[in-house]
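Residue-level structural notes
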Amino acid sequence: MKIKIAASILSADFSKLGVELKKVKLAGADLIHVDVMDGHFVPNITIGPEVVKFMRQSTPLALDVHLMIQNPAKYVEVFVNAGSDMITVHIETVSLKGLQAIAKRLKRRKVKLGISLNPGTHLAKIKPALGIVDFVLVMSVNPGFGGQVFMPKAINKIRQLRAIFAKDIAVDGGINSATAKLVKQAGANILVAGSYIFGAKNIKQAINSLR
């Protein structure tokens, strides 16, 4: 499968967000990963739909909006209206019935649905959801803050998932040139990276090293 690089905007300089978006586009990023945190599901607060709306006006790249929030169903519509191309929700925050309802809403809007699971969540928990979603996002750090160290146990989880899931598998957390090689070998094809990309002196070189 084609390897895609998703630049995680959490590590960007928000004082010049439009410039940062153009920079990663020119450097070869395939997607923009947008971490939405509510201070409840994760111990941090980031951005809301108004910022997503601005980003939609500032980049042609697909916006993968990662809802690390309680009760994502309540906010799906507003983020779609803001310009999201992909919506990721956490299996820890939705029931299977709730996920099916979200899937129907997103399908009508032609927006892709992803399901994510935290490092401490067993793969078995998302198995019933695999026939509903377009992609899976495996967290390789505990969500909440950027710049964390990759958890090696994610590799086996990705490998097991690839054996039963033929669609896109994304991985998020501690991704750099060394860990990228490991997760690609395990079966991931969308690599989410923040500080490794936005903190690089040469962003194009950093993206190419991941690919």
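Here goes a summary of the coordinates provided. Bear in mind the structure is a predicted one, so any value in this text is a computation, not a measurement. (Residues numbered from 1 in each chain as written. Predicted model: local features only at pLDDT ≥ 70, side-chain atom pairs only at ≥ 80, totals over all residues. Heavy atoms only, no water.)

As for the overall build of the protein chain
Within the protein chain, the secondary structure is distributed over eight helices and eight strands. On C-alpha atoms alone, the protein chain measures out to a radius of gyration of 16 Å, which is about the 17 Å that the 2.2 N^0.38 rule sets for 211 residues. With the principal axes as the frame, the protein chain shows a C-alpha extent of 45 × 35 × 30 Å. Of all 211 residues assigned to the protein chain, the portion counted as buried reaches 54%. At a minimum sequence separation of 6, the contacts of the protein chain that also span at least 24 residues come to 65%. (Helix = DSSP H or I, 4+ residues; strand = E, 2+ residues; numbered from the N terminus. Rg over C-alpha atoms; globule rule 2.2 N^0.38 Å. Buried < 20%, exposed > 50% of the residue type's maximum accessible area, 1.4 Å probe, protein only. Contact = heavy atoms within 4.5 Å.)

Examining the sheet that holds strand E4 (residues 86–90)
Taken together, eight strands build a closed barrel; the order of strands is E1-E2-E3-E4-E5-E6-E7-E8 and the barrel is parallel. Taking the axes of each pair of neighbouring strands and ignoring which way they run, one obtains an average angle of 25° across the sheet. Looking at chain direction, strand E1 (residues 4–8) and strand E2 (residues 31–37) are connected through three bridges and run parallel. From the neighbouring strand, Ala 6 faces E2, where its bridge partner is Leu 31. (Pairing = 2+ DSSP bridges. Axes fitted to C-alpha atoms, helices over the stretch in contact; angles between N-to-C directions.)

Quick look at the packing of helix H1 (residues 17–27) against helix H2 (residues 49–58)
The packing of two helices is summarised by the inter-axis angle and the distance between the axes. Orientation of H1 relative to H2, taken along the N-to-C sense of each, is 50°, at an axis distance of 10 Å. Considered as vectors, H1 and H2 are oriented oblique to each other. For the pair H1 and H2, the crossing hand works out as right-handed. Here H1 contributes Leu 17, Gly 18 and Leu 21 to the contact with H2, which in turn contributes Val 51, Phe 54, Met 55 and Ser 58. Taken together, the residues that form the contact of H1 with H2 break down as five nonpolar, two polar and no charged. (Parallel < 35°, antiparallel > 145°, perpendicular 65-115°, else oblique. Left-handed = near helix turned anticlockwise from the far one by under 90°. Nonpolar A, V, L, I, M, F, W, Y, C, P; charged D, E, K, R; others polar.)

Some remarks on the side chain of Thr 59
By secondary structure assignment, the location of Thr 59 is in the loop between H2 and strand E3 (62–68). Under the relative-accessibility criterion, Thr 59 is labelled buried at 5%. Setting aside residues no more than four positions away along its own chain, Thr 59 makes contact with Leu 21 and Ile 32.

Regarding the pairing of strand E5 (residues 112–117)
Along E5, five of the six residues are buried, which leaves the element largely enclosed by surrounding structure. Relative to E5, E4 runs parallel, the two being bridged by five bridges. In the strand pairing of E5, His 90 is matched with Ser 116. Note on the crossover from E4 through helix H4 (residues 96–108) to E5: the handedness is right-handed. (Right-handed = clockwise from strand over helix to strand, strands pointing away.)

So, H1
All of the buried residues along H1 are Leu 17, Gly 18, Glu 20, Leu 21, Val 24 and Ala 27. Those residues of H1 that are buried lie in contact with E1, E2, H2, helix H7 (195–198) and helix H8 (203–210). After H1 finishes, the residue Gly 28 shows a positive phi value of roughly 110°.

Structural notes on the packing of H1 against H8
At a minimum axis distance of 8 Å, the contact between H1 and H8 shows a crossing angle of 55°. It follows that H1 is oblique to H8 by the angle criterion. Helix-helix and strand crossings are classified by hand; for H1 and H8 the assignment is right-handed. Contact residues: Lys 23, Val 24, Leu 26 and Ala 27 in H1; Ile 203, Lys 204 and Ile 207 in H8. By residue class, the composition of the contact of H1 with H8 is five nonpolar, no polar and two charged.

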